[in-house]
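# Understanding the architecture of this molecule
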Amino acid sequence: MDGSGVPAVSALHHVALPVADVDASVAWYERVLGGVVERRTDVGPEAAEGRVAQAWLRVGEVTLNLAQGPPVQRTEAQHFFHYALVGEPGTLGAWIEHLGALGVAVLGPYGHGGLSFVSLYVDDPDGYRWEVVVDHPSHAHARAAASAHGGALGNPMRTYEWEETG
């Protein structure tokens, strides 16, 4: 406990998402985000037990549980309904090249006022929005990186002018 009386939480265990087609989603996460399947419940003895089709994937340090079911719908006005992943520093250009080579629609890059990271946003086959965050040494570096790749300051819902720094 941390003194507040609330038992401590040490990390995020997994994110569970209902998906329309587990196989299609697994293929997308493997191809686009480098996911690796750790377990499937729609094969072998678990399938015989009538378990819901599920795939457990590792994407970096994040575990995703993709389960067969109706996806949660996000409207365009709900940009902030998304999940953010950490990209390695210095990989902004590599991410843009990778996503472009796959034909994945990318929102961004976006720098953020006063913050030292740049964001790219992609939507999976069910419309779940993923953000890849690439840290930079400072806001000025992040702004320059976003600008060099044709980016804007802001987010997909609202952009604004590059702020001047002193």
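This report concerns the structure included in the present document. Every chain is numbered on its own, with residues counted from 1 as its sequence reads. Confidence filtering applies because this is a predicted model: local features only for residues at pLDDT of at least 70, side-chain atom pairs given and counted only at 80 or more, and all residues used for totals across whole chains, interfaces and linings. Only heavy atoms go into the side-chain values, all of them from the structure, while hydrogens and water stay out.

## Brief notes about unusual backbone geometry
Looking along the chain, the bond that leaves Gly 108 and enters Pro 109 is cis, with omega of 15 degrees. Secondary structure elements follow DSSP: runs of H or I no shorter than four residues count as helices, runs of E no shorter than two count as strands, and numbering proceeds from the N terminus. Here Pro 109 lies in strand β6 (residues 107-111).

## Digging into the pattern of salt bridges
Between Lys or Arg on one side and Asp or Glu on the other, a salt bridge is scored when a side-chain nitrogen of the former is within 4 Å of a carboxyl oxygen of the latter. Counting across every chain of the model gives five salt bridges. Notably, a salt bridge pairs Asp 23 with Arg 40, separated by 2.7 Å at the nearest N-O pair. Here Asp 23 is found in helix α1 (residues 22-33), whereas its partner Arg 40 is found in strand β2 (residues 36-40), with 17 residues between them in sequence. In this structure, Arg 74 and Asp 123 form a salt bridge, with 3.3 Å as the shortest nitrogen-oxygen distance. Of the two residues, Arg 74 is situated in the loop between β4 (62-68) and β5 (82-87) and Asp 123 in strand β7 (residues 117-123); the sequence distance between them amounts to 49 residues. Burial classification: accessible surface area is computed with a 1.4 Å probe over protein chains only, and a residue below 20% of its type maximum counts as buried, one above 50% as exposed, and the rest as partly exposed. Of the residues examined, Asp 123 reaches a relative accessible area of 29% and is grouped as partly exposed. Among the ionic contacts, a cluster of salt bridges with common partners joins Glu 38, Arg 58 and Glu 61.

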